[in-house]
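# Breakdown of the fold
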Amino acid sequence: MNNIGMLLPFIVLIGAMFLMTRSAKKKQAQAAEMRNQMQPGTGVRTIGGMYATVKEIQDEAVLLEVAPGVHAVYAKNAIGAVLDDAEYNRIVHGDTEDDGAADSDAVVPDDASSLTDSADEAPKADLTKKSDAAEAEVEKDGKTDGETEAK
């Protein structure tokens with residue numbers, strides 16, 4: 001009875017390790033299957049976050065077009081995701097599903113003045129330079145803004 005109590009933590013530890021390695025193997029198999037689905041013309045994302053188009057597939061490497069006319073060779077293991085055409089075009093080219101038909105009527109203002117209710121009713125801040133008469137009123141006690149009595 002006492003021996004089973006001492007072996008129980010080791011059994012639990014071995015079982016947890018078995019489950020972790022099994023799930024890791026499943027993830028590796030899914031990643032390999034995803035990489036096998038690549039074909040020339042497919043959009044991909046590398047593990048570094050770069051989006052590119054597959055141009056050529058070799059045994060251990062992939063030729064990617066990262067920009068028009070710019071090609072780079074990557075290891076197959078560096079491919080993080082194979083994207084379908086719609087998702088690749090949405091991310092890289094900014095294409096939307098509805099082709100922007102709903103947004104074509106929207107007018108975007110140049111400034112924030114259209115966001116206020118009425119520009120005529122609200123008093124506007126005076127940002128002009130003070131006139132000489134206004135400065136004379138401020139200097140009644142001989143001090144201007146920012147001056148103190150300490151010398």
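By the naming in an unreviewed UniProt entry, the chain goes by Preprotein translocase subunit YajC and is assigned to Streptomyces hydrogenans. Among the UniProt annotations of the chain, the heading Sequence similarities (unreviewed entry) holds the following wording: "Belongs to the YajC family." Listed under Subcellular location (unreviewed entry) in UniProt, the entry text for the chain is "Cell membrane".

Secondary structure assignment for the chain yields 3 helices and 5 strands. Each helix and strand of the chain, placed in order from N terminus to C terminus, yields the pattern α-β-β-β-β-β-α-α. Across the 151 residues that make up the chain, the buried fraction comes to 13%. Long-range pairs, those at least 24 residues apart, make up 39% of the contacts in the chain with a sequence separation of at least 6. Approximately 12,600 Å² of the chain is accessible, and the part contributed by carbon and sulfur atoms is 55%.

Glancing now at the nonpolar core. Residues Met-38, Val-44, Ala-52, Val-54, Val-62, Leu-64 and Ile-79 constitute the largest nonpolar core, which totals 7 residues. At the level of elements, β2 (51–57) and β3 (61–67) are the ones that each hand at least two residues to this core. Excluding residues within four positions of it along the chain, Ala-52 makes contact with Thr-42, Gly-43, Val-44, Leu-64, Glu-65, Val-66 and Tyr-88.

Let's shift gears to a nonpolar patch on the surface. Residues Leu-7, Phe-10 and Ile-11 make up a contiguous nonpolar surface patch of about 340 Å² in total accessible area. For Leu-7, the location among the structural elements is in helix α1 (residues 2–36). Leu-7 gets classed as partly exposed once you look at its relative accessible area, which sits at 49%.

Moving on, we get to the sheet that holds β2. Two strands in a sheet stick together by hydrogen bonds in their backbones, pointing the same way (parallel) or opposite ways (antiparallel). Strand order in the open sheet formed by 5 strands is β4-β3-β2-β1-β5, with antiparallel pairing between adjacent strands. Looking at strand neighbours, the two that pair on one side only are β4 (70–75) and β5 (79–83), the edges of this open sheet. Direction aside, the axes of adjacent strands within the sheet are offset by 40° on average. Bridge count for strand β1 (residues 43–46) against β2 is 3 bridges, and the pairing is antiparallel. In the strand pairing of β2, Val-44 is matched with Ala-52. With respect to the sheet, helix α2 (residues 85–92) is in contact with β1, β2 and β5, its orientation differing from that of β2 by roughly 130°.

Scoring rules and cut-offs
Position numbers for residues start from 1 in each chain and track the written sequence from start to end. Side-chain atom pairs in this predicted model are given and counted only at pLDDT of 80 or more, local residue features only at pLDDT of at least 70, and totals for whole chains, interfaces and linings cover all residues. Values reported for side chains reflect all heavy atoms of the structure, with hydrogen atoms and water molecules removed beforehand. UniProt positions are given in the numbering used here, feature names are shortened, and annotations may be inferred rather than shown by experiment. Put simply, DSSP H or I for four residues or longer makes a helix, DSSP E for two residues or longer makes a strand, and each gets a number counted from the N terminus. Relative accessibility under 20% of the residue-type maximum defines a buried residue, over 50% an exposed one, and the middle range a partly exposed one, all with a 1.4 Å probe and only protein chains included. Only heavy atoms enter the contact rule, under which two residues are in contact if any of them lie within 4.5 Å. To measure how exposed things are, a 1.4 Å probe is used in the Shrake-Rupley method; for residues, cover is taken only from the protein chains shown. As used here, the term nonpolar core means buried Ala, Val, Leu, Ile, Met, Phe, Trp, Tyr and Cys residues forming a set that is joined through side-chain atoms within 4.5 Å. Nonpolar side chains (Val, Leu, Ile, Met, Phe, Trp, Tyr) within 5 Å and like charges within 9 Å form the patches, drawn only from residues with over 30% relative accessible area and no salt bridge. Salt bridges are identified by distance alone: a Lys or Arg side-chain nitrogen within 4 Å of an Asp or Glu carboxyl oxygen. Two strands qualify as a pair provided that DSSP identifies no fewer than 2 bridges between them. Axes, fitted as lines to C-alpha atoms, cover a helix only where it is in contact. Angles between the N-to-C directions of the axes lie from 0 to 180 degrees.

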